Amino acid sequence: EAGVVQSPRYKIIEKKQPVAFWCNPISGHNTLYWYRQNLGQGPELLIRYENEEAVDDSQLPKDRFSAERLKGVDSTLKIQPAELGDSAVYLCASSLGGAGYGYTFGSGTRLTVV
Amino acid sequence: AQRVTQPEKLLSVFKGAPVELKCNYSYSGSPELFWYVQYSRQRLQLLLRHISRESIKGFTADLNKGETSFHLKKPFAQEEDSAMYYCALRIKAAGNKLTFGGGTRVLVKP
């Protein structure tokens, strides 16, 4: 099994440009999470999906960030326009929901805004 | 609000020496604690969780509710243990949201 797949692995963009990240969770995992990890810090939750519904987006900066999970499978996270402070690693994770054994994380997308 | 603190940014030990990574949490409910590890150029992965009370790769961690701690220990560190370690608190009432500490980098020297 491929696990949680994210693309691209790296992205360098100029400030004010848009950028999008893609995540394909483990098959059958109904819960999907997007986390942001700033340099030298632990990951912080941006948004959580239960199937196609965003049930917790309280930490998502909605003025410039958006996310979708059409059909409750793949998800995209978009930033428009990007700012220098958005430079970070964006992690996607999925789980079966409920108690489970914790998450399975993807490899992340490292975004550099210049 | 919940919070996880890992006071050490870097731990450097020699191979064969004991290593202990500190983790303290604050949460008013019943905590569920995890340790995640990220080896160089690999993804973040679960190392162990407190409810399993298991030893993984020689590591153990005991939840101390009185001291609100969940320290990770290994009696004899190996070079392959060099990695970033994150303590995390899971809140079921918040959809299994994980709150992470800032991480501790472990460097095991030969």
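Our structure's up above, just so we're on the same page.
All of the points below concern the structure found in this document. Source: prediction; values computed, not measured.

Focus: the environment of A:Arg9
Residue and element names in this part refer to chain A.
Alright, step 1. As for its position among the elements, Arg9 is in the loop between strand S1 (5-7) and strand S2 (10-13).
Alright, step 2. Put simply, Arg9 and His29 are 20 residues apart on the chain and 22 Å apart in space, counted from C-alpha to C-alpha.
Alright, step 3. Non-local contacts of Arg9, meaning those with residues more than four positions away in its chain, are made with Ser107, Gly108, Thr109 and Arg110.

Some points on the interface of chain B and chain A
Alright, step 1. Counting from both sides, the interface comprises 19 residues of chain B and, opposite them, 22 residues of chain A.
Alright, step 2. Of the roughly 1600 Å² buried at the junction of chain B and chain A (both faces included), carbon and sulfur atoms supply 44%.
Alright, step 3. Our count for the contact surface shared by chain B and chain A stands at zero salt bridges.
Alright, step 4. Between chain B and chain A we count eight residue pairs in polar contact (both at pLDDT 80 or more) in total.

A word on unusual backbone geometry
Alright, step 1. A cis amide bond, omega -10°, links A:Ser7 with the succeeding residue A:Pro8.
Alright, step 2. Along the chain, A:Pro8 turns up in the loop between S1 and S2.
Alright, step 3. The amide bond that connects A:Gln80 to the next residue, A:Pro81, takes the cis arrangement and shows omega of -5°.
Alright, step 4. Along the polypeptide, A:Pro81 turns up in the loop between strand S8 (75-79) and strand S9 (88-95).
Alright, step 5. One non-glycine residue, A:Asn51, adopts positive backbone phi at about 55°.
Alright, step 6. Residue placement: A:Asn51 occurs in the loop between strand S5 (44-50) and strand S6 (53-56).
Alright, step 7. Phi is positive for B:Lys57, close to 55°, though the residue is something other than glycine.
Alright, step 8. Residue position: B:Lys57 is located in the loop between strand S6 (45-49) and strand S7 (60-64).

Some remarks on the sheet that holds S1(A)
Remark on secondary structure: sheet strands pair via backbone hydrogen bonds, oriented parallel or antiparallel.
Residues and elements named next belong to chain A.
Alright, step 1. In space, the four strands of this open sheet follow the order S1-S3-S8-S7, with antiparallel pairing throughout. Strands with a single pairing partner mark the edges of an open sheet, and in this sheet they are S1 and strand S7 (65-68). Averaged over all neighbouring strand pairs, the angle between strand axes comes to 15°, with direction disregarded.
Alright, step 2. Note that strand S3 (residues 19-24) and S8 share five bridges and pair antiparallel. In the sheet register, Phe21 faces S8, and the bridge partner there is Leu77.

Reading the values: rules and limits
Residues numbered from 1 in each chain as written. Chains lettered and ligands numbered in written order. Predicted model: local features only at pLDDT ≥ 70, side-chain atom pairs only at ≥ 80, totals over all residues. Heavy atoms only, no water. Helix = DSSP H or I, 4+ residues; strand = E, 2+ residues; numbered from the N terminus. Contact = heavy atoms within 4.5 Å. Buried area = accessible area lost by both parts, 1.4 Å probe. Salt bridge = Lys/Arg side-chain N within 4 Å of Asp/Glu carboxyl O. Polar contact = N/O pair within 3.5 Å; in protein donor to acceptor, adjacent residues only side chain to side chain. Pairing = 2+ DSSP bridges. Axes fitted to C-alpha atoms, helices over the stretch in contact; angles between N-to-C directions.

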